[in-house]
Amino acid sequence: MRTKIFRVITAALMLALLTASASSALSLKPHTKYTLYIGLNDGKTGRPTYDQSDARRIFVNIAGKYVDGYTIYDAEGFWHEGENTFSERTLVCVIIDASEEAVRKIMDEALKLFRQNTILVERSKTESEFYGGSN
């Protein structure tokens, strides 16, 4: 009899734990993420076109025309040519769920305004949600 009661209590506790963990699970949804790497050195002279704060302000004006939200941060890119190492201040922009057309428009404007030859763009499938807490 004690064994039966113990089993019933154990089963009830396990069910409660499973229900609690299922209700607190994240509700991630599939999204497309674009990451743009925009160098800030002039494509011809190799000299900086803008300082980081001016570049961010300019990029915000460009991106705001085509997408509702994005994240930008400062980075420094490096590359090697033979024995030489070069670096370039870079803006990195992450955009979730924009159309490819909108991303292309952003890049086209950024290429001109930042006097770049190319912009590195990554596209990946991801899952995300705006998490607002457990309850």
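In this model helix H3 (residues 100-113) runs 20 Å from its N-terminal to its C-terminal C-alpha over 14 residues, within 8% of the 20 Å that 1.5 Å per residue would give. Turning to H3, its buried residues number three or more, namely Ala-102, Val-103, Ile-106, Met-107, Glu-109 and Ala-110. One face of H3 carries all of its buried residues, which in axial projection span an arc of 165°. Along H3, exposed side chains directed more than 90 degrees from the buried face belong to Glu-101 and Lys-112. Elements in contact with the buried residues of H3: strand E1 (29-39), helix H2 (52-63), strand E3 (84-96) and strand E4 (120-128).

Where E1 meets E4, 9 bridges bridge the pair, whose relative direction is antiparallel. Within E4, the position partnered with Thr-32 by the bridge is Lys-125.

What follows covers the side chain of Gln-52. Relative to the assigned elements, Gln-52 resides in helix H2. What makes Gln-52 buried here is its relative accessible area of 15%. Among the polar contacts listed, one links the side chain of Gln-52 to the side chain of Asp-74, at a separation of 2.7 Å. Filtering out sequence-adjacent residues up to four positions away, Gln-52 remains in contact with Leu-40, Asp-74, Ala-75, Arg-89, Thr-90 and Leu-91.

Cut-offs used in this document
Residues numbered from 1 in each chain as written. Predicted model: local features only at pLDDT ≥ 70, side-chain atom pairs only at ≥ 80, totals over all residues. Heavy atoms only, no water. Helix = DSSP H or I, 4+ residues; strand = E, 2+ residues; numbered from the N terminus. Expected span 1.5 Å × (residues − 1). Buried < 20%, exposed > 50% of the residue type's maximum accessible area, 1.4 Å probe, protein only. Arc of directions from axis to C-beta. Contact = heavy atoms within 4.5 Å. Pairing = 2+ DSSP bridges. Polar contact = N/O pair within 3.5 Å; in protein donor to acceptor, adjacent residues only side chain to side chain.

Keep in mind these values describe shape, not function.
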